[in-house]
Every structure is written in structure tokens, then in C-alpha cells.
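Descriptive structure summary
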Amino acid sequence: MHEFSIIENILTIVEEISEKEGLTSVSKVTLLIGKMRQIVPDTMSFAFEAAAKGTIADSAVLEMEFVPIKIHCNECGNEFIVKNHTYVCEQCGSTDLSVLEGQELIIKNIEGER
Ligand SMILES: [Zn+2]
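Residues numbered from 1 in each chain as written. Predicted model: local features only at pLDDT ≥ 70, side-chain atom pairs only at ≥ 80, totals over all residues. Heavy atoms only, no water.

A full pass over the atoms with the stated rule returns 1 aromatic pair. Considering the side-chain rings of Phe-4 and Phe-46, the 6.0 Å spacing of their centres and the 80° angle between planes classify their relative orientation as edge-to-face. With Phe-4 in helix 1 (residues 3-21) and Phe-46 in helix 2 (residues 41-52), the pair connects residues that are 42 residues apart, well separated along the chain. Exposure remark for Phe-4: the relative accessible area of 28% places this residue in the partly exposed category. (Phe/Tyr/Trp six-rings, centres within 6.5 Å; stacked < 30°, edge-to-face > 60°. Helix = DSSP H or I, 4+ residues; strand = E, 2+ residues; numbered from the N terminus. Buried < 20%, exposed > 50% of the residue type's maximum accessible area, 1.4 Å probe, protein only.)

Shown next, in the form of C-alpha cells:
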């Protein structure tokens, strides 16, 4: 259940940003999450709802946008999207791969009232 510690970190950042921007309440938080993170959306929503109680994001909606895992093959230069967590080049069968996208875990946007 690493979702709970992730949410705690996110809420800390949301509070810092809200303070800096002078927000009095937050209505929506949008996260950009790489699929490598293996986040369970339902658990994220549940954790957010529980952890946001009494904070500036008390009544905020959590939105999640998932980023596919994009791989570069160091053997043949092929770039492809990983399906079913199979880390093998579709073109040459190599496992010498670099991850280009899919490790993200960032706050994309915060909406709120001033
Ligand atoms: Zn390859």
C-alpha cells in the first residue's frame, strides 16, 4: 500500500503550493503517473480522500493521468510501448533497454479558490 505514503507527500506539496499561490481551498488535483509506478487508482482515490480530511484539499477531486511505459532499445534503437510489463525489445528480442517515459509521479495541475 505505498499509495498512502505517496498521497502524504503529494498533500504536503499541494499545501506548499496553495500557500505560495494564496489559495483558500483546493478543488482539483491532477497527477501525472507513469505506469511503471504500478499505482492502483482506487487505492489512490481512497488514500487521498482519507488523508485530505482537514487539509486545504478536504473537498478536492483527485484526477490521475497515466503515462505509458516507453522504452528505447540500446541494441537496435527501436522505441516501443511496454505491454503487460514485458521488458523485451519487440524488434530484436534484446533486454538491454532504457526507460524513456513511464516513471513519472508529478503534480500536473492544482485548481482552487483564491
Ligand atoms: Zn531492439
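The next subject is the environment of Met-64. When you line up the elements, Met-64 lands in strand 2 (residues 61-67). Residues Met-64 and Val-82, 18 residues apart in the sequence, show an inter-C-alpha distance of 20 Å. Discounting residues that sit within four places of it in the chain, Met-64 has contacts with Leu-31, Ile-33, Pro-41, Met-44 and Ser-45. (Contact = heavy atoms within 4.5 Å.)

For the rest of this paragraph, the subject is the pairing of strand 1 (residues 25-34). Consecutive side chains of a regular strand alternate in pointing toward one face of the sheet and then the other. Burial runs high along strand 1: 7 of the 10 residues are buried. The pairing of strand 1 with strand 6 (residues 105-113) spans 8 bridges and is antiparallel. Within strand 6, the residue paired with Val-26 across the bridge is Gly-112. Sheet analysis places strand 1 next to strand 2, joined by 7 bridges and oriented parallel. Within the sheet, the bridge partner assigned to Thr-30 lies in strand 2 and is Glu-63. Assessed by its sense of winding, the connection that carries the chain from strand 1 through helix 2 to strand 2 is right-handed. (Pairing = 2+ DSSP bridges. Right-handed = clockwise from strand over helix to strand, strands pointing away.)

Val-26, Met-44, Phe-48, Ala-57 and Leu-62 are the most contacted members of the largest nonpolar core, which has 20 residues in total. Looking at this core, the elements with two or more residues in it are helix 1, strand 1, helix 2 and strand 2. Considering each element in turn, this core owes the most residues, 5 residues, to helix 1. Setting aside residues no more than four positions away along its own chain, Leu-62 makes contact with Ile-7, Val-29, Leu-31, Met-44, Ser-45 and Phe-48. (Core = buried A, V, L, I, M, F, W, Y, C linked by side-chain atoms within 4.5 Å.)

This paragraph deals with the sheet that holds strand 5 (residues 97-101). The 3 strands are arranged 4-3-5 in an open sheet whose pairing can be described as antiparallel. Bordering the open sheet on either side are strand 4 (79-81) and strand 5, each of which pairs with just one other strand. Sheet twist, expressed as the mean angle between neighbouring strand axes with direction ignored, is 35°. (Axes fitted to C-alpha atoms, helices over the stretch in contact; angles between N-to-C directions.)

To continue, consider the coordination of the zinc ion. Each pair of donors in an ideal four-coordinate tetrahedral metal site encloses 109.5 degrees, whereas pairs in an ideal six-coordinate octahedral site enclose 90 or 180 degrees. Looking at the zinc ion, the protein donor atoms are Cys-73 (SG), Cys-76 (SG), Cys-89 (SG) and Cys-92 (SG), and they sit 2.3 Å from it. Coordination at the zinc ion comes from 4 donor atoms whose angles at the metal span 107 to 111°, giving a geometry best classed as tetrahedral. Ordering the donors of the zinc ion by residue number gives the pattern C-x2-C-x12-C-x2-C. Of the two residues, Cys-76 sits in the loop between strand 3 (70-73) and strand 4 while Cys-89 sits in the loop between strand 4 and strand 5, which places them 13 residues apart along the sequence. (Donors = N, O, S within 2.8 Å, 3.2 Å for Na, K, Ca; no water. Tetrahedral: all angles 85-135°; square planar, octahedral: opposite > 155°, others 65-115°.)

Honestly, it's all geometry; don't read function into it.
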